[in-house]
Amino acid sequence: PAFNQADMERVKALTVESIKRSHNNPQAVAFNILKPALYGQEHAYGFPNSGTQASVMAITTDDLESFHQAWIRPDNAKIFVAGDTDLTQITAQLEKSFGSWKKPTTVKGTKSFKDVPLGTKTKVILVDRAKSPQSMIIAGHLMPSSGSENYLEVETMNGILGGTFTARMNMNLREDKGWAYGAYTGIMNARGQRVWYNYAPVQTDKTAAAMKEVIGEINHYRSDKPATQAELDLFVKSKTLTLPGRFEKANAVLGHMMTNDNLGRAQKSAETLKGKYDNMTPKMMADLAKSAFNPDAMVWVVIGDLSKIEANVRALNLGDVEVWDETGHKLR
């Protein structure tokens, strides 16, 4: 690549405009604040997905060349192929295309995903969005890597709590209370520690009440209302019956291969999924819920009209409360 200065300036300008537009999206703002708050700004994951205006504007063509030399190189590359071919055919084609690709003399790049200490207390971050008719509530904490041995069990345990339309969170805040169009929980994929989060955009006057319901659902799930066999069966069925369709296209197989390699899973892991789902029990889900969730050490990011919600959120006494702006800077 040429890394022409004019091209880079054009892309930088487009990227900065995209970042500016993201400040009008409460969901994007919430997650851009949540990740640095959980990982810390020194961690590889501790930055907004979009980057920042300052970081983008600071990039030079020398930075791009250095990154290219460190990462886009034959001794740091893996080639995945899915299609109507075999090793002999594809090797000949790859040798023709890449056989003369020589590694540079510079040192290749390495990645580090060091674990960060888990939180020990709750923190609430408020972002003012004057006159907003609803509040965006995101809460989360860190969980083990997507490459952990029990990743599938953890994701199933989470799915029952809030991973589907019929899960507990949505049935409470949408179907029962009518405070939200949808409320869900999820777990991001990552080679290092990953983020578990609860997502709930709710009407402004129910912001604090909804936060209380979220905590209540997690606590009930961990204690007096563990996962039932019926809930587990429903979630497992939604996953196992769709397995054949997941691998009908070559690009789906390719993506699965790349994910397995990235997370250190066996390439035949798909063949074990049905058996793993069949071996799951409500007790397994209950034990995981107790060990994986910590509702007393979450980071909350709440975006809404602070003139209407701040007092009630503070009255919950969940923990330290701070007010930030939409770019991730603490105001008070």
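Each chain has its residues counted from 1, running along the sequence as written. In keeping with the model being predicted, local features are shown solely for residues with a pLDDT of at least 70 and side-chain atom pairs are shown and tallied solely at 80 or more, while totals for entire chains, interfaces and linings include all residues. Neither water nor hydrogens contribute to the side-chain values; these are computed over all heavy atoms in the structure.

1. Thoughts on the sheet that holds strand S1 (residues 123-128)
Phase 1 of the analysis: Strand pairing is assigned whenever DSSP identifies at least 2 bridges connecting the two strands. The way it works is that DSSP assigns letters per residue, a run of H or I at least four long becomes a helix, a run of E at least two long becomes a strand, and they are numbered from the N terminus. The sheet built from 6 strands is open, its strands ordered S3-S4-S2-S5-S1-S6 with mixed pairing. Whereas interior strands pair on both sides, the edge strands pair on one side only; in this sheet they are strand S3 (184-187) and strand S6 (320-324). The average angle at which neighbouring strand axes cross in this sheet is 20°, direction not considered.
Phase 2 of the analysis: Both strand S2 (residues 134-143) and strand S5 (residues 299-304) contribute to a ladder of 5 bridges, which runs antiparallel. The residue bridging Met136 from the neighbouring strand is Ile303, located in S5.
Phase 3 of the analysis: Sheet contacts for helix H6 (residues 151-163): S2, S3 and strand S4 (194-203); angle to S3, the most-contacted strand, approximately 165°. With axes taken as lines fitted to C-alpha atoms, and helix axes fitted only over the stretch in contact, angles between N-to-C directions fall between 0 and 180 degrees. Only heavy atoms enter the contact rule, under which two residues are in contact if any of them lie within 4.5 Å.

2. What to know about H6
Each α-helix turn comprises 3.6 residues. Residues three or four places apart therefore point the same way.
Phase 1 of the analysis: Here H6 is 13 residues long, yet its end C-alpha atoms lie only 14 Å apart, well below the 18 Å a rise of 1.5 Å per residue gives.
Phase 2 of the analysis: A simple rule labels every residue: compare its accessible area, found with a 1.4 Å probe on the protein chains alone, to the largest value its type can have, and call it buried under 20%, exposed over 50%, or partly exposed in between. For H6, the buried fraction is high: 11 of the 13 residues fall into the buried class.
Phase 3 of the analysis: Taken as a whole, H6 has its buried residues at Tyr151, Leu152, Glu153, Val154, Thr156, Met157, Asn158, Gly159, Ile160, Leu161 and Gly162. Given the number of residues in a helix, its expected span is that number minus one, multiplied by 1.5 Å.

3. A closer look at the pairing of S5
Phase 1 of the analysis: Counting buried positions along S5 gives 6 out of 6 residues, so the element sits mostly inside the fold.
Phase 2 of the analysis: Here S5 shows a buried face lined by Val299, Val301 and Ile303 and a second buried face lined by Trp300, Val302 and Gly304.
Phase 3 of the analysis: Here 6 bridges tie S1 to S5, and the two strands are oriented parallel to one another. From the neighbouring strand, Asp128 faces S5, where its bridge partner is Gly304.

4. A look at the packing of aromatic side chains
Phase 1 of the analysis: Centres within 6.5 Å make a pair out of two Phe, Tyr or Trp rings, where for Trp the six-membered ring is used; the pair is then stacked when the planes are under 30 degrees apart, edge-to-face when over 60, and tilted otherwise. Within this structure, the stated rule accounts for 7 aromatic pairs.
Phase 2 of the analysis: Relative to Trp71, the ring of Phe67 has its centre 6.3 Å away and its plane inclined at 35°; by these criteria the two rings are tilted. Here Phe67 pairs with Trp71, and both are found in helix H4 (residues 61-71), just 4 residues apart, close to one helical turn.
Phase 3 of the analysis: Overall, Trp71 belongs to the partly exposed group, its relative accessible area being 22%.
Phase 4 of the analysis: Centroid distance Phe98 to Trp101: 6.0 Å. Interplanar angle 45°. Geometry classified as tilted.
Phase 5 of the analysis: With relative accessibility at 40%, the residue Phe98 sits in the partly exposed group.
Phase 6 of the analysis: By way of ring pairs, the aromatic residues Tyr39, Tyr45 and Phe113 are connected into one cluster.

5. What about the packing of H6 against helix H12 (residues 270-278)?
Phase 1 of the analysis: Where H6 meets H12, the axes come as close as 11 Å, and the angle between the chain directions of the two elements is 55°. In terms of orientation, H6 lies oblique with respect to H12. At the point where H6 passes H12, the crossing takes the right-handed sense. Seen from H6, the contacting residues are Tyr151, Leu152 and Thr156; seen from H12, they are Leu273, Lys276 and Tyr277.
Phase 2 of the analysis: Under the scheme applied, nonpolar residues are Ala, Val, Leu, Ile, Met, Phe, Trp, Tyr, Cys and Pro; charged residues are Asp, Glu, Lys and Arg; polar residues are all the others, including Gly. Among the residues forming the contact of H6 with H12, the class breakdown is 4 nonpolar, 1 polar and 1 charged. Between 65 and 115 degrees an angle is taken as roughly perpendicular, under 35 as roughly parallel, over 145 as roughly antiparallel, and anywhere else as oblique. A clockwise turn of the near helix away from the far one marks a right-handed crossing, whereas an anticlockwise turn of less than a right angle marks a left-handed crossing.

6. With respect to helix H9 (residues 229-240)
Phase 1 of the analysis: Between its terminal C-alpha atoms H9 stretches 16 Å, which fits the 16 Å expected from 12 residues at 1.5 Å a residue.
Phase 2 of the analysis: Taken together, the buried positions of H9 are occupied by Leu232, Phe235, Val236 and Thr240. Down the axis of H9, the buried set is contained in an arc of 125°. They therefore lie on one face. Summarising the geometry of H9, the exposed residues directed more than 90 degrees from the buried face are Ala230, Leu234 and Lys237.
Phase 3 of the analysis: On its buried face, H9 is in contact with H6, helix H10 (243-246), H12 and helix H13 (282-292). What the arc covers is the set of directions going from the helix axis to the C-beta atoms.

7. So, the environment of Val11
Phase 1 of the analysis: Looking at where Val11 falls in the secondary structure, it is placed in helix H1 (residues 5-22).
Phase 2 of the analysis: In the structure, Val11 is positioned 153 residues away from Thr164 in sequence and 38 Å away in space, judged by C-alpha atoms.

8. A look at the pattern of salt bridges
Phase 1 of the analysis: Put simply, a salt bridge is a Lys or Arg side-chain nitrogen that is within 4 Å of an Asp or Glu carboxyl oxygen. One pass over the full model with this rule turns up 16 salt bridges.
Phase 2 of the analysis: Sharing partners across several salt bridges, the network here consists of Lys123, Glu322 and Lys330.

9. Quick notes on the environment of Pro133
Phase 1 of the analysis: Of note, Pro133 is situated in the loop between S1 and S2.
Phase 2 of the analysis: Overall, Pro133 belongs to the exposed group, its relative accessible area being 67%.
Phase 3 of the analysis: Remark: the alpha-carbon pair of Pro133 and Ser100, spanning 33 residues in sequence, is separated by 60 Å.
Phase 4 of the analysis: Residues contacting Pro133, with those up to four places away along its chain left out, are Gln203 and Thr204.

10. A look at unusual backbone geometry
Phase 1 of the analysis: For Lys131, which is not a glycine, the phi torsion comes out positive at approximately 65°.
Phase 2 of the analysis: In this fold, Lys131 is placed in the loop between S1 and S2.
Phase 3 of the analysis: Even without being a glycine, Asn317 presents a positive backbone phi close to 55°.
Phase 4 of the analysis: Mapped onto the fold, Asn317 is located in the loop between helix H14 (306-315) and S6.

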